[in-house]
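Structure at a glance
Take a look at the letters that make up each chain.
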Amino acid sequence: MIKIGIVGISGYSGGTTLELLLKHPDVRVVYASANNTTGKVSGIWPQLAGKTDLYCGKFDVKKAVALCDLIFLATPHTVSMAIAPKLLKEGIPVIDLSGDYRLNS
């Protein structure tokens, strides 16, 4: 079982990623964070009520590293560039859904 975190859970990409991962038999989403949104994930995404008991808090690199085997970044432009190096330095693989590392301009 792969323990997954999603940073940027309150946006469309983060919510869609969570919805897809909740259906995957080999992963467990154990960490969720957002920049300006906190609270139960089912309160952010009502369609997921009864499917997850995740709580969304502010991003905490130490907590994310302690809980996760892999982290999805679904963050606004330039935010991934600040977060990804910290996670990679700690040995956590990152899947960046933003354009920060795939677009040149």
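For every chain, the first residue of the written sequence is number 1, and numbering continues from 1 onward in sequence order. Only residues with pLDDT of at least 70 are given local features in this predicted model, and only at 80 or more are side-chain atom pairs given and counted; all residues enter the totals for whole chains, interfaces and linings. Think of the side-chain values as coming from all heavy atoms in the structure, minus any hydrogens and water.

Neighbouring strands of a sheet are bound in pairs by backbone hydrogen bonds; such pairs are parallel or else antiparallel. Strands qualify as paired when DSSP identifies two bridges or more between them. For helices the rule is a DSSP run of H or I covering at least 4 residues; for strands it is a run of E covering at least 2, with both sets numbered from the N terminus onward. Pairing within the open sheet is mixed, and its six strands lie in the order β3-β4-β2-β1-β5-β6. Looking at the sheet topology across the chains shown, the edges are occupied by β3 (39-40) and β6 (94-96). Strand direction decides the pairing type here: strand β2 (residues 27-33) and strand β4 (residues 55-57), joined by two bridges, are parallel. Pairing of A32 across the sheet is with C56, part of β4. In the packing of helix α1 (residues 12-21) onto the sheet, the strands contacted are β1 (2-7), β2 and β5 (70-73), and the crossing angle to β1 comes to about 160°. Contacts between residues were defined by any pair of non-hydrogen atoms, one from each residue, lying within 4.5 Å. Axis lines are fitted through C-alpha atoms, for helices just across the contact stretch, and the angle between N-to-C directions can take any value from 0 to 180 degrees.

The next subject is the layout of surface pockets. A cavity, in this analysis, means grid points on a 1 Å lattice covering only the protein atoms where a 1.4 Å probe fits yet has no way out; a pocket is instead an open set bounded by protein on both sides within 12 Å along at least five of seven lines, and a residue lines either one if it has an atom within 4 Å of a point. Grid points are joined across faces, edges and corners, and a volume is the space filled by probe spheres set on the points. By volume, the largest pocket is sized at about 230 Å³. Lining the largest pocket are 16 residues, and of these G8, A34, N35, T75 and P76 sit closest to its centre. Looking at the lining of the largest pocket residue by residue, the classes come out as seven nonpolar, eight polar and one charged. Every residue lining the second largest pocket is listed: L21, L22, H24, V27, R28, V29, V30, K51, T52, D53, L54 and Y55. It is β2 that contributes the most residues to the lining of the second largest pocket, four residues altogether. Basically, the charged four are Asp, Glu, Lys and Arg, the nonpolar ten are Ala, Val, Leu, Ile, Met, Phe, Trp, Tyr, Cys and Pro, and anything else, Gly included, counts as polar.

Put simply, buried Ala, Val, Leu, Ile, Met, Phe, Trp, Tyr and Cys residues joined by side-chain atoms within 4.5 Å make one nonpolar core. Working definition: with a 1.4 Å probe on protein chains only, accessible area under 20% of the residue-type maximum means buried, over 50% means exposed, and in between means partly exposed. I4, I6, I9, L18, L21, V29 and V41 are the most contacted members of the largest nonpolar core, which has 16 residues in total. For this core, the secondary-structure elements that each account for two or more residues are β1, α1, β2 and β5. In terms of residues, this core owes the most to one element, β2, which gives three residues. Core analysis: the second largest hydrophobic core is formed by eleven residues, Y31, I83, L87 and I92 among them.

Moving on: the confidence of the model for the protein chain. When pLDDT is averaged across the protein chain, the result is 93; 97% of the residues are at 70 or more. The predictor reports its confidence for every residue as pLDDT, a score running from 0 up to 100. Model confidence for the protein chain, summarised as mean pLDDT per element, is weakest for helix α2 (residues 41-44) at 92 and strongest for β1 at 98.

Counting through the fold element by element, T52 comes out in the loop between α2 and β4. A residue is classified by how much of its surface remains accessible, and T52, at 16% relative accessible area, is buried. What qualifies as a polar contact is a pair of N or O atoms within 3.5 Å, subject to a donor-acceptor requirement within protein and to the restriction that residues adjacent in sequence count only when both atoms come from side chains. A distance of 3.1 Å separates a polar atom in the side chain of T52 from the backbone nitrogen of L54. For T52, the residues in contact, after removing those within four places along its chain, are L22 and V41.

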